[in-house]
Amino acid sequence: MIRVGLGRDLHRLVKGRRFLLAGVELPAKRGELGHSDGDVLAHAVSDALLGAAALGDIGGLFPPSDQTWKDADSMELLRVVFGMVKQAGWRLVNLDCVVSCEEPKVLPFRDRIRQSLAQTLEVSVDCIFVKGKTGEGLGPVGNGKAVEALAVCLLEKE
Ligand code: MG
């Protein structure tokens, strides 16, 4: 049996915060605002996995109203999510992601981001891909006010 999952997230960019993508910190003037560390890609990937396995969503599992998750390491949340997915008998076949922001450039960090996700999700790095896009000057991403991440995953179980 195979299942596809989709995740999407958007975070406001502000001064004084780190810019994290799947636990990799990119040098940037502004970073992701969030109740957790704001790692937009970790959140989109978590929701893709949860959606494919029909196990809920991160807003429900780790609600912003719960102080437990204040400034939480989102890769730790992803590890919890992947543990649930594995417990339900699933393994990851592949994961494809798009990160959209005006700056910083994602491409120089792509392989580190892929490696971080591959290690956490227990697959080889060739099962993970990440693209960087801009907002072409349009909308909150194009205005440099936000970063958006999309993720699609395929899960398989016997
Ligand atoms: Mg989020």
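Placed above this text is the structure.
Being a predicted model, the structure only gives us computed values, none of them experimental.

**Considering the packing of helix H1 (residues 40–52) against helix H4 (residues 110–121)**
And then number 1: Following both chains from N to C, one finds H1 and H4 inclined at 40 degrees, their axes separated by 12 Å at the closest point. When the interaxial angle is binned, H1 and H4 end up oblique. Handedness of the H1/H4 crossing: right-handed. From H1, Leu41, Val45 and Leu49 reach across to H4, where they touch Ile113, Leu117 and Leu121.
And then number 2: A breakdown of the residues in the contact of H1 with H4 according to their chemical character gives 6 nonpolar, no polar and no charged.

**A word on the sheet that holds strand S1 (residues 2–15)**
And then number 1: Taken together, the 5 strands give an open sheet; going across it, the order is S4-S1-S7-S5-S6, and neighbouring strands pair in mixed fashion. In the strand order of this sheet, the two ends are held by strand S4 (30–32) and strand S6 (128–133), each with one partner. When the angles between neighbouring strand axes are averaged without regard to direction, this sheet yields 20 degrees.
And then number 2: As judged from the 11 bridges shared by S1 and strand S7 (residues 146–156), these two strands associate in the antiparallel manner. Paired with Leu10 across the bridge in S7 is Glu148.
And then number 3: Contacting S1, S4, strand S5 (91–100) and S7, H1 crosses the sheet at an angle of about 155 degrees to S1.

**As for the coordination of the magnesium ion**
And then number 1: Donor atoms from the polypeptide that bind the magnesium ion are Asp9 (OD), His11 (NE2) and His43 (ND1), placed at 2.0 to 2.2 Å.
And then number 2: Donor residues for the magnesium ion sit on one chain with the sequence pattern D-x1-H-x31-H. Here Asp9 is found in strand S1, whereas its partner His43 is found in helix H1, with 34 residues between them in sequence.
And then number 3: Judged by relative accessible area, which is 9%, His43 ranks as buried.

**What about H1?**
And then number 1: With 13 residues, H1 should cover 18 Å at 1.5 Å per step; its first-to-last C-alpha distance of 19 Å lies within 8% of that length.
And then number 2: A large share of H1 lies buried, amounting to 12 of its 13 residues.
And then number 3: The set of residues buried in H1 consists of Val40, Leu41, Ala42, His43, Ala44, Val45, Ser46, Asp47, Ala48, Leu49, Leu50 and Ala52.
And then number 4: At the exit of H1 stands Ala54, carrying a positive phi of roughly 55 degrees.

**Regarding a nonpolar patch on the surface**
And then number 1: Among the surface-exposed residues, Val4, Leu6 and Val152 lie close enough to one another that they form a single nonpolar patch of about 290 Å² accessible area.
And then number 2: Along the polypeptide, Leu6 turns up in strand S1.
And then number 3: Here Leu6 falls in the exposed class, since its relative accessible area comes to 62%.

**Comments concerning the packing of aromatic side chains**
And then number 1: As enumerated under the stated definition, the model contains 1 aromatic pair in all.
And then number 2: Centroid distance Phe62 to Trp69: 4.7 Å. Interplanar angle 80 degrees. Geometry classified as edge-to-face.
And then number 3: Here Phe62 falls in the buried class, since its relative accessible area comes to 10%.

**A word on empty space enclosed by the protein**
And then number 1: Under the definition given, this model contains 1 cavity of 30 Å³ or more.
And then number 2: When its volume is computed, the largest cavity comes out at roughly 70 Å³.

**What about the pattern of salt bridges?**
And then number 1: Overall, the coordinates contain 10 salt bridges when judged by the stated rule.
And then number 2: In this structure, Glu122 engages Lys86 in a salt bridge whose closest nitrogen and oxygen atoms are separated by 2.9 Å. Of this pair, Glu122 sits in the loop between H4 and S6 while Lys86 is found in helix H3 (residues 74–87), placing the two residues 36 residues apart along the sequence.
And then number 3: For Arg91, the salt bridge goes to Glu156, with nearest N and O atoms at 2.5 Å. Residue Arg91 is located in strand S5, and its partner Glu156 is located in strand S7; the two are separated by 65 residues in the primary sequence.
And then number 4: Each of Arg17, Lys70 and Asp71 takes part in a single network of salt bridges with overlapping partners.

The rules behind the values
- Residues numbered from 1 in each chain as written.
- Predicted model: local features only at pLDDT ≥ 70, side-chain atom pairs only at ≥ 80, totals over all residues.
- Heavy atoms only, no water.
- Axes fitted to C-alpha atoms, helices over the stretch in contact; angles between N-to-C directions.
- Helix = DSSP H or I, 4+ residues; strand = E, 2+ residues; numbered from the N terminus.
- Parallel < 35°, antiparallel > 145°, perpendicular 65-115°, else oblique.
- Left-handed = near helix turned anticlockwise from the far one by under 90°.
- Contact = heavy atoms within 4.5 Å.
- Nonpolar A, V, L, I, M, F, W, Y, C, P; charged D, E, K, R; others polar.
- Pairing = 2+ DSSP bridges.
- Donors = N, O, S within 2.8 Å, 3.2 Å for Na, K, Ca; no water.
- Buried < 20%, exposed > 50% of the residue type's maximum accessible area, 1.4 Å probe, protein only.
- Expected span 1.5 Å × (residues − 1).
- Patch = residues over 30% accessible without salt bridge, like charges linked within 9 Å, V, L, I, M, F, W, Y side chains within 5 Å.
- Areas by Shrake-Rupley, 256 points an atom, 1.4 Å probe, with all protein chains shown as cover.
- Salt bridge = Lys/Arg side-chain N within 4 Å of Asp/Glu carboxyl O.
- Phe/Tyr/Trp six-rings, centres within 6.5 Å; stacked < 30°, edge-to-face > 60°.
- 1 Å grid on protein atoms, 1.4 Å probe; cavity = no way out; pocket = protein on both sides within 12 Å on 5 of 7 lines; lining within 4 Å.
- Points joined across faces, edges and corners; volume = space filled by probe spheres on them.

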